[in-house]
Amino acid sequence: MSGTGRRRAGAGGGGTRLTRRGRTVSWLAGGAALLVLGVGGVGAWVYKDLDNNITGADVDGKLGGDRPVNLSPGSKNIMVVGSDSRDGANAKYGKDLTTMQSDTLMVLHLPANREWATVVSFPRDSWVEIAACEKGDGSTSGPHLAKINEAFAIGGATGEVAGAAACSIRTVEANTGLRIDNFMSVDFQGFKGMVDALDGIEVCPEQAIKDDNALLDMEAGCQTVDGETALGYVRTRYAVGDGSDIGRIGRQQEFMETLAAKAKSRLTSPTSLYDFLQSATKSLTTDEDLDGIDPLYDLASQLKGIPSDRLTFLTVPNYPREADVPTDRANIVWQYPQAADLFTSLANDKEVDKKTLQAQAKDDLIYASDVRVQVLNGTGVSGRAAAVAEKLREAGFTVVGTGNAPENTDTTTVAHPADLAKQARVLASRLPDAKATRSADAAAGVVTLVVGSDLDLEELR
């Protein structure tokens with residue numbers, strides 16, 4: 001394998017002290033389970049008050065009909081977005097941002113048997129193809145490559161959460177093959193209110209952190225922070241550790257674990273409980289199926305029943321895009337075939353072993369640029385090989401040539417010599433239903449892709 005000296009994406013928080021369970025709680029814990037903590041004991045008028053706080057958004061009409069099929073009836077995928085909107089009270093956290101922003105993006109998979117669950121984090125710097133989306137002003141954006149969080153901004157160009165969520169759902173579905181059943185969006189201000197209702201949360205940065213963009217100026221060492229400082233702490237990126245979004249994800253997950261633990265132990269006062277739930281519910285926008293205390297309480301109850309050792313938190317396997325495109329030092333790409341294996345497992349409702357996935361990502365890292373591909377046209381349609389080759393180049397692969405296959409075929413195939421099995425798997429995992437096959441006739445030093453009439457360019461990840 002070539003590529004010696006290229007840096008790998010790290011998963012460490014870099015500068016903050018993590019607890020033993022570390023990165024094992026997500027924004028979902030604060031956005032779903034915690035917001036209904038104790039609701040069963042509040043009065044009817046409080047219940048109605050909280051229920052009316054939650055905003056429902058109709059996204060069904062914005063998603064279109066060409067969507068993945070749920071392969072496991074009864075299972076559920078819920079997309080959770082930390083909304084970085086800069087409207088109103090949030091304006092001081094940034095300037096020159098005219099659209100809604102997605103600060104955190106994850107998907108919760110609940111299996112049909114509800115005996116386990118997996119939360120997958122998608123780094124905001126993930127370089128993916130953004131789906132074509134309605135922009136809210138009557139126009140539609142075309143598919144293009146960009147950071148994954150751009151989808152939320154495009155769909156939310158007019159400030160409508162439904163449009164922002166719909167574009168993010170379309171983009172996640174197109175890049176993962178997972179059917180998204182529900183969504184939740186949690187806003188800045190609600191997060192601050194939840195922290196303040198708990199009289200602050202203790203954090204222990206190992207180094208001083210100063211970040212003007214996040215309005216943050218903290219000393220090193222353990223300290224209890226209010227909502228304003230807590231928001232800066234979970235948002236800061238470049239001012240701590242290695243400056244990666246991977247590190248920020250870990251810090252956010254750790255913080256939410258601490259918040260969850262304190263909420264469970266402190267929310268015994270009716271006043272504190274009411275303030276906490278007010279902030280949580282006012283910050284929430286959901287799809288219409290989750291719009292209300294009752295469905296959210298049901299979701300929280302399902303999560304509560306899952307054993308802690310069967311609740312898995314993962315980040316999509318990835319590496320710096322610089323390994324494939326030396327000029328891009330700002331983004332990451334998903335690592336294949338590990339990312340595809342993760343998505344396929346969840347689509348088929350199979351539990352993912354975190355340690356195994358991480359070990360495979362570490363031991364079998366092959367950059368797309370290290371896969372040399374020749375593309376042969378087996379469709380009989382002129383220009384098909386060139387179009388596929390261009391898509392592969394955009395994905396980082398090294399295309400060494402194009403041509404026509406000896407005969408036309410309905411089936412797309414990936415053939416390889418004995419020494420390129422792993423490289424062939426990387427390519428095959430980016431193609432729908434394709435499998436890598438060893439062939440004695442395969443050209444030496446390259447993986448051969450024969451494009452059949454079954455290949456839909458839009459499904460090439």
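The following paragraphs examine the structure supplied in this document. Computed from a prediction, not measured in an experiment: that's the story for all the values here. (Residues numbered from 1 in each chain as written. Predicted model: local features only at pLDDT ≥ 70, side-chain atom pairs only at ≥ 80, totals over all residues. Heavy atoms only, no water.)

## Some remarks on empty space enclosed by the protein
Selection rule: Here a cavity denotes grid points, spaced 1 Å and computed from the protein atoms alone, that fit a 1.4 Å probe unable to get out, and a pocket denotes an open set having protein on both sides within 12 Å along at least 5 of 7 lines; residues with an atom within 4 Å of a point are the lining. Grid points are joined across faces, edges and corners, and a volume is the space filled by probe spheres set on the points. Secondary structure follows DSSP: runs of H or I at least 4 residues long count as helices, runs of E at least 2 residues long count as strands, and numbering of each begins at the N terminus. Amino acid classes used here: Ala, Val, Leu, Ile, Met, Phe, Trp, Tyr, Cys and Pro are nonpolar; Asp, Glu, Lys and Arg are charged; the rest, including Gly, are polar.
Here the structure, examined in full by the defined rule, presents 4 cavities of 30 Å³ or more. Estimates place the volume of the largest cavity at around 80 Å³. In this structure, the largest cavity is lined by 14 residues; those nearest its centre are Asp103, Thr104, Leu105, Phe122 and Arg124. Put simply, the parts of the chain that give the lining of the largest cavity at least two residues each are strand E3 (102-110) and helix H7 (245-266). By residue number, the principal contributor to the lining of the largest cavity is E3, which donates 5 residues. For the lining of the largest cavity, a count of residues per class yields 6 nonpolar, 5 polar and 3 charged.

## A closer look at the state of the cysteines
Two cysteines form a disulfide when their sulfur atoms are joined by a covalent bond. Here is the rule: The definition used for a disulfide is geometric: two cysteine sulfur atoms within 2.5 Å. The cut-offs for exposure are 20% and 50% of the maximum accessible area for each residue type, with area from a 1.4 Å probe on protein chains only; residues under the lower value are buried, those over the upper are exposed, and the others partly exposed.
Counted according to the given criterion, the structure contains 2 disulfides. The partner cysteine of Cys133 in its disulfide is Cys167, sulfur to sulfur 2.1 Å. Residues Cys133 and Cys167 are joined through a disulfide that is right-handed, its torsion about the S-S bond being 85°. In this pair, Cys133 sits in strand E6 (residues 133-134) while Cys167 sits in helix H4 (residues 161-176), placing the two residues 34 residues apart along the sequence. Each member of the pair, Cys133 as well as Cys167, is classed as buried. In this model, Cys204 is linked to Cys222 through a disulfide, with the two sulfur atoms separated by 2.1 Å. Its S-S torsion of about 105° marks the bond between Cys204 and Cys222 as right-handed, since a negative value means left-handed.

## Concerning the packing of aromatic side chains
Aromatic ring pairs: the centre-centre distance and the angle between the two ring planes describe each pair. Applicable threshold: What counts as a ring pair is set by centres within 6.5 Å for rings of Phe, Tyr and Trp (its six-membered ring), and what kind of pair is set by the plane angle: stacked under 30 degrees, edge-to-face over 60, tilted for all other angles.
If you walk through the whole model with that rule in mind, you get 5 aromatic pairs. Between Phe122 and Trp334 the ring centres are 5.6 Å apart and the planes differ by 50°, which places this aromatic pair in the tilted class. Pair noted here: Phe122 is in the loop between strand E4 (117-121) and strand E5 (127-130) and Trp334 is in strand E17 (residues 332-334), with a separation of 212 residues, a long-range link. Comparing Phe122 with Trp334 shows no difference in burial state: the two are buried. When the ring of Tyr233 is compared with that of Phe255, the centres are 6.3 Å apart and the planes differ by 50°; the resulting orientation is tilted. Of this pair, Tyr233 sits in helix H6 (residues 227-235) while Phe255 is found in helix H7, placing the two residues 22 residues apart along the sequence. One exposure class covers both Tyr233 and Phe255, and it is buried.

## Details of the side chain of Arg67
Our working rule: Here a polar contact is recorded for every N or O atom pair within 3.5 Å, except that within protein the pair must consist of a potential hydrogen donor and a potential acceptor, and residues adjacent in sequence are included only if both atoms are side-chain atoms. Residue contacts follow a heavy-atom distance rule, with two residues in contact if any of their heavy atoms lie within 4.5 Å.
Take Arg67: it is sitting in the loop between strand E1 (55-57) and strand E2 (76-83). Within polar-contact distance, the side chain of Arg67 engages the backbone oxygen of Ile180 at 2.9 Å. When sequence neighbours within four positions are dropped, the list of residues in contact with Arg67 reads Ile169, Glu173, Arg179 and Ile180.

## Topic: the packing of helix H5 (residues 188-197) against H6
This is how the line gets drawn: Axis definition: a line fit to C-alpha positions, over the contact stretch in the case of helices; interaxial angles, taken between N-to-C directions, run 0 to 180 degrees. The cut-offs work like this: below 35 degrees is roughly parallel, past 145 is roughly antiparallel, 65 to 115 is roughly perpendicular, and the gaps in between are oblique. In this scheme, a crossing is called left-handed if the near helix is turned counterclockwise away from the far one by less than a right angle; it is called right-handed if the turn is clockwise.
Viewed as axis vectors pointing N to C, H5 and H6 meet at an angle of 125°, and their least axial separation amounts to 8 Å. When the interaxial angle is binned, H5 and H6 end up oblique. H5 and H6 meet at a crossing whose hand is right-handed. Each of Phe188, Phe191, Lys192, Val195 and Asp196 in H5 lies in contact with H6, whose residues at this interface are Gly227, Glu228, Ala230, Leu231, Val234 and Arg235. Of the residues in the contact of H5 with H6, the class split is 6 nonpolar, 1 polar and 4 charged.

## With respect to a negative patch on the surface
Note the cut-off: Any residue with relative accessible area above 30% and no salt bridge may belong to a patch, with like charges joined within 9 Å and the nonpolar Val, Leu, Ile, Met, Phe, Trp and Tyr side chains within 5 Å. Note on areas: Shrake-Rupley, 1.4 Å probe, and residue coverage restricted to the protein chains presented here. Any carboxyl oxygen of Asp or Glu that lies within 4 Å of a side-chain nitrogen of Lys or Arg is treated as forming a salt bridge with it. Counted charges follow a simple rule, with Lys and Arg positive, Asp and Glu negative, and His plus the chain ends left uncounted. To locate a charge, take NZ of a lysine, CZ of an arginine, CG of an aspartate or CD of a glutamate.
A contiguous patch of negative charge on the surface is contributed by Asp66, Asp410, Asp433, Asp454, Asp456, Glu458 and Glu459. Along the chain, Asp433 falls in the loop between helix H13 (421-428) and strand E21 (436-438).

## Topic: the nonpolar core
The nonpolar side chains of soluble globular proteins are, as a tendency, buried together. Formally: Throughout, nonpolar core names a set of buried Ala, Val, Leu, Ile, Met, Phe, Trp, Tyr and Cys residues whose side chains join them through atoms within 4.5 Å.
The biggest cluster of nonpolar side chains holds 74 residues, and the ones touching the most others in it are Phe122, Trp334, Val375, Leu392 and Leu449. With 8 residues, the top contributor of residues to this core is H4. With residues up to four places along the chain from it excluded, the contact list for Leu449 reads Val373, Gln374, Val375, Leu376, Val388, Leu392, Thr412, Thr413, Val414, Leu427 and Leu431. Membership of the second largest hydrophobic core comes to 46 residues, among which are Ala117, Val186, Leu198 and Leu216.

## What to know about the sheet that holds strand E20 (residues 413-416)
Where we set the bar: At least two DSSP bridges between two strands are needed for those strands to be called paired.
If you walk across this open sheet you meet the 5 strands as E19-E18-E22-E20-E21, and the pairing is mixed. With partners counted over all chains shown, the strands left at the sheet margins are strand E19 (398-404) and E21, one partner each. The sheet shows a mean angle of 25° between the axes of neighbouring strands, direction not considered. One ladder, built from 3 bridges, connects E20 with E21; its direction is parallel. Across the sheet, Ala415 pairs through a bridge with Thr437, a residue of E21.

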